[in-house]
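Inside the fold
Okay, here's what each chain looks like letter by letter:
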Amino acid sequence: MALLPILTYPDPRLHTVAKPVAAVDARIRQLVADMLDTMYDANGIGLAATQVDVHERVIVIDVSEERNQPLVVINPEITWASEETQVNDEGCLSVPGIYDGVERPSRVKVAALDTDGKLRTIEAEGLLAVCIQHEMDHLRGKVFVEYLSPLKRNRIKTKMLKAQRDAERA
């Protein structure tokens, strides 16, 4: 089990656009295992490789109550999104302690590879749909706070920078 360090906003590496995974091999499967360990340890429900400073299109998710139904999504592409949208409070392991409403399509279909390199279609709604879209934003170099007003975003950035300075002094 390897826990990976999670980048925190406003780290500029969070804005790196991830590259497609060329081959689902032992290295990617190890990355997935480490990302799952990291996500579970941090009590998250989703984690994109970008958040652990690996800029490849890999996401892990587990929205189950028991935390025992991991979903691995490699090279995801949204193939369909509902016109109907929903505002949900979102949080992020890269922006700890911050939650705010983000409007997204309420249902999506996603084509992605699994850890065997097989193409799958995932139909998602509710929390899973929100989580997939949130994590896919990370792969595009976008953090959820960028959906918020400039005022809110600047307040969050100031709060995060202060927390980082305080942690470095401790």
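Residues numbered from 1 in each chain as written. Predicted model: local features only at pLDDT ≥ 70, side-chain atom pairs only at ≥ 80, totals over all residues. Heavy atoms only, no water.

1. A short note on the sheet that holds strand 1 (residues 46–48)
Judged by pairing direction, the sheet is antiparallel, and its 5 strands sit side by side in the order 1-2-3-6-7 without closing on themselves. Each edge of the open sheet carries a strand with a single partner, namely strand 1 and strand 7 (119–125). Put simply, the sheet's adjacent strands are angled 40° from each other on average, direction ignored. Note that strand 3 (residues 71–81) and strand 6 (residues 107–113) share 5 bridges and pair antiparallel. Considered in strand 6, the bridge of W80 is made with K109. Against the sheet, helix 1 (residues 26–41) makes contact with strand 1, strand 2 (58–61) and strand 3, and its axis sits at roughly 40° relative to strand 2, the strand it touches most. (Pairing = 2+ DSSP bridges. Helix = DSSP H or I, 4+ residues; strand = E, 2+ residues; numbered from the N terminus. Axes fitted to C-alpha atoms, helices over the stretch in contact; angles between N-to-C directions. Contact = heavy atoms within 4.5 Å.)

2. Some thoughts on the packing of aromatic side chains
Evaluation of the coordinates by the stated rule reveals 0 aromatic pairs. Above the ring of W80, the side-chain terminus of K109 is found at 6.0 Å from the ring centroid. (Phe/Tyr/Trp six-rings, centres within 6.5 Å; stacked < 30°, edge-to-face > 60°. Lys NZ or Arg CZ within 6 Å of the ring centre and 35° of its normal.)

3. Quick look at the nonpolar core
I59, I61, L71, V73, A124, L128 and I132 are the most contacted members of the largest nonpolar core, which totals 17 residues. At the level of elements, strand 2, strand 3, strand 6, strand 7 and helix 2 (126–139) are the ones that each hand at least two residues to this core. Here the element with the most residues in this core is helix 2; it accounts for 6 residues. (Core = buried A, V, L, I, M, F, W, Y, C linked by side-chain atoms within 4.5 Å. Buried < 20%, exposed > 50% of the residue type's maximum accessible area, 1.4 Å probe, protein only.)

4. As for the environment of L47
Counting through the fold element by element, L47 comes out in strand 1. Overall, the relative accessible area of 0% leaves L47 in the buried class. Through-space distance from the C-alpha of L47 to that of I59 is 5.8 Å; in sequence the pair is 12 residues apart. Sequence-distant contacts of L47, defined by excluding residues within four places in its chain, comprise M35, T38, M39, V52, V58, I59, V60, L93 and E135.

5. Digging into the side chain of Q133
Structurally, Q133 can be placed in helix 2. A distance of 3.0 Å separates a polar side-chain atom of Q133 from the backbone oxygen of P105. Leaving out residues up to four positions away in the same chain, Q133 has contacts with I78, R104, P105, V108 and R140. (Polar contact = N/O pair within 3.5 Å; in protein donor to acceptor, adjacent residues only side chain to side chain.)

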